[in-house]
Amino acid sequence: MKKTTRRQFISRSALAVGGALGLAQLPALLTAQGLAAAGFMDIPLGFQTFPIRDRLGKDFPGTLKTMAGFGYRLTELCSPAGYADIGFGFLKDKPATEIRGIITDAGLSCPSCHFGFGELAPDKIDKTIAFATAMGLSQMICSTFWLPKGSTLKDYTDSAEKLNKAAEKIKAAGMQTGFHNHEFEFATLDGSLIYDALMKTFDPALVKMQFQTEVINLGYKASTYFEKYPDRFISAHLSDWTAEKKEVPIGKGVIDWKGFFAAAKTGGVKNFFVEMNWDTFEESARYLHGL
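Presented here is an overview of the structure given in this document. (Residues numbered from 1 in each chain as written. Predicted model: local features only at pLDDT ≥ 70, side-chain atom pairs only at ≥ 80, totals over all residues. Heavy atoms only, no water.)

Attention now moves to the environment of G191. By the element assignment, G191 lies in the loop between β6 (188-189) and β7 (192-193). A C-alpha to C-alpha distance of 9.5 Å links G191 and L153, two positions 38 residues apart in sequence. (Helix = DSSP H or I, 4+ residues; strand = E, 2+ residues; numbered from the N terminus.)

The biggest cluster of nonpolar side chains holds 79 residues, and the ones touching the most others in it are F226, F233 and L238. Per element, the largest residue contribution to this core is seven residues, and it comes from helix α8 (residues 153-172). For F226, the residues in contact, after removing those within four places along its chain, are F211, F233, A236, F260, A263, A264, T266, G267 and V269. (Core = buried A, V, L, I, M, F, W, Y, C linked by side-chain atoms within 4.5 Å. Buried < 20%, exposed > 50% of the residue type's maximum accessible area, 1.4 Å probe, protein only. Contact = heavy atoms within 4.5 Å.)

Judged by pairing direction, the barrel is parallel, and its eight strands sit side by side in the order β1-β2-β3-β4-β5-β8-β9-β12 before closing back on the first. Going from strand to strand, the sheet's axes swing by 30° on average, the running direction of each strand aside. For strand β8 (residues 207-212) and strand β9 (residues 233-238), the ladder comprises four bridges, and the chain directions are parallel. Bridging from a neighbouring strand, Q212 pairs with H237 of β9. (Pairing = 2+ DSSP bridges. Axes fitted to C-alpha atoms, helices over the stretch in contact; angles between N-to-C directions.)

For the structure on display, the rule yields five salt bridges. Notably, a salt bridge pairs K154 with D158, separated by 2.8 Å at the nearest N-O pair. Of this pair, K154 and D158 both sit in helix α8, four residues apart, roughly one helical turn. Given a relative accessible area of 54%, K154 falls into the exposed group. (Salt bridge = Lys/Arg side-chain N within 4 Å of Asp/Glu carboxyl O.)

This brings us to the side chain of Q212. With respect to the element layout, Q212 can be found in strand β8. For Q212, a relative accessible area of 6% puts it in the buried group. In this structure, Q212 is in contact with H180, N181, H182, H237 and E275, ignoring residues within four places of it in sequence.

Our next topic: the environment of D126. Note on placement: D126 falls in helix α7 (residues 125-135). For the pair D126 and K169, spaced 43 residues apart in sequence, the C-alpha to C-alpha distance is 8.5 Å. A polar side-chain atom of D126 sits 2.7 Å from a polar atom in the side chain of K169. (Polar contact = N/O pair within 3.5 Å; in protein donor to acceptor, adjacent residues only side chain to side chain.)

So, about α8. Since the α-helix packs 3.6 residues into each turn, any two residues three or four apart lie on the same face. End to end, α8 covers 29 Å across 20 residues, agreeing with the expected 28 Å (1.5 Å per residue, within 8%). Those residues of α8 lying buried are L153, Y156, T157, S159, A160, L163, N164, A166, A167 and I170. A positive backbone phi angle near 90° is found at G174, which sits one or two residues after α8. (Expected span 1.5 Å × (residues − 1).)

On to helix α5 (residues 60-70), then. Restricting attention to buried positions, one finds in α5 the residues F60, T63, L64, M67, A68 and F70. The buried residues of α5 occupy an angular sector of 155° when projected down its axis, which confines them to one face. The residue sitting at the N-terminus of α5 and contributing the capping side-chain oxygen is D59; that oxygen lies 2.9 Å from the backbone nitrogen of G62. Where α5 terminates, the next one or two residues include G71, which has phi positive at roughly 115°. (Arc of directions from axis to C-beta.)

Before going further, it helps to spend a moment on the packing of aromatic side chains. Tallying each qualifying case throughout the model produces 32 aromatic pairs. Ring centres 6.2 Å apart and planes at 25° place the aromatic pair F88 and F90 in the stacked group. Its relative accessible area of 26% is what places F90 among the partly exposed residues. Ring plane angle 40° and centroid distance 4.7 Å describe the contact between F145 and F179, whose orientation is recorded as tilted. Linking F145 in the loop between β4 (139-142) and α8 with F179 in strand β5 (residues 176-180), this pair joins segments that are 34 residues apart in sequence. Residue classification places F179 among the buried positions, given a relative accessible area of 0%. In textbook terms, an aromatic cluster arises when at least three aromatic residues are bridged by ring pairs, as seen for F186, Y195, F211, Y220, Y225, F226, Y229, F233, W257, F260, F261 and F272. The aromatic ring of F50 is capped on one face by R53, whose charged end is 3.8 Å from the ring centroid. (Phe/Tyr/Trp six-rings, centres within 6.5 Å; stacked < 30°, edge-to-face > 60°. Lys NZ or Arg CZ within 6 Å of the ring centre and 35° of its normal.)

Set out below in structure tokens:
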């Protein structure tokens with residue numbers, strides 16, 4: 001029997017409803033938001049490796065296979081060179097092709113990787129791009145600037161200009177540059193939200209954003225920014241939280257996930273990576289697949 005995809009099922013159901021009630025009534029039954037959210041469920045679900053780096057270090061192939069068994073199809077790595085001292089040193093001496101092979105053998109693919117800002121500096125970027133190319137990446141994500149406490153807004157925008165320059169070389173190599181936020185980009189300096197200042201400085205043709213939903217704990221919703229800055233995003237890190245700022249499996253917290261996925265289409269998001277504690281991954285995947 002030929003398998004019917006979720007998208008095909010929705011389309012056929014829409015036609016059936018339209019035939020029964022008349023096409024003029026169809027828009028009232030199937031809202032644009034609902035269709036947008038449903039369409040995103042066909043995108044393979046991914047996970048970020050950082051929260052489970054200890055498990056990966058003990059059994060890299062086995063842990064990846066377990067994640068694939070949970071229903072994940074994509075993984076986002078952290079650079080073995082840039083993250084060697086914070087959990088990924090076990091991969092530092094492995095060739096990129098070997099790492100890629102282990103990921104593929106587990107039934108996963110790796111389109112994206114986090115890199116330290118220093119790895120994208122003029123004297124290191126060629127080596128970093130060579131690793132990314134050998135890994136078969138389509139996205140290279142700067143995992144924030146890690147500026148010291150007391151930095152000015154100009155320090156942030158100057159760093160953003162440097163990333164624009166690095167992104168020119170990354171684009172020439174056939175990949176997309178991204179920037180990942182943490183909570184400190186949602187602070188105010190000199191009367192401006194750092195995140196908004198970065199959005200004004202990044203070249204939209206060169207640098208896309210990776211939104212971390214954890215900033216819901218500061219009162220900021222991903223959907224707000226997807227709608228405020230259309231087509232400026234490449235991916236998102238998914239986690240869910242209670243009103244008391246306790247991490248819970250996706251679907252059990254305060255985030256409106258249907259609204260999130262609907263707005264993500266406006267934002268241009270291509271990939272979703274769950275980034276949570278180990279004991280929430282399986283339940284989170286089950287919820288997301290059931291949307």
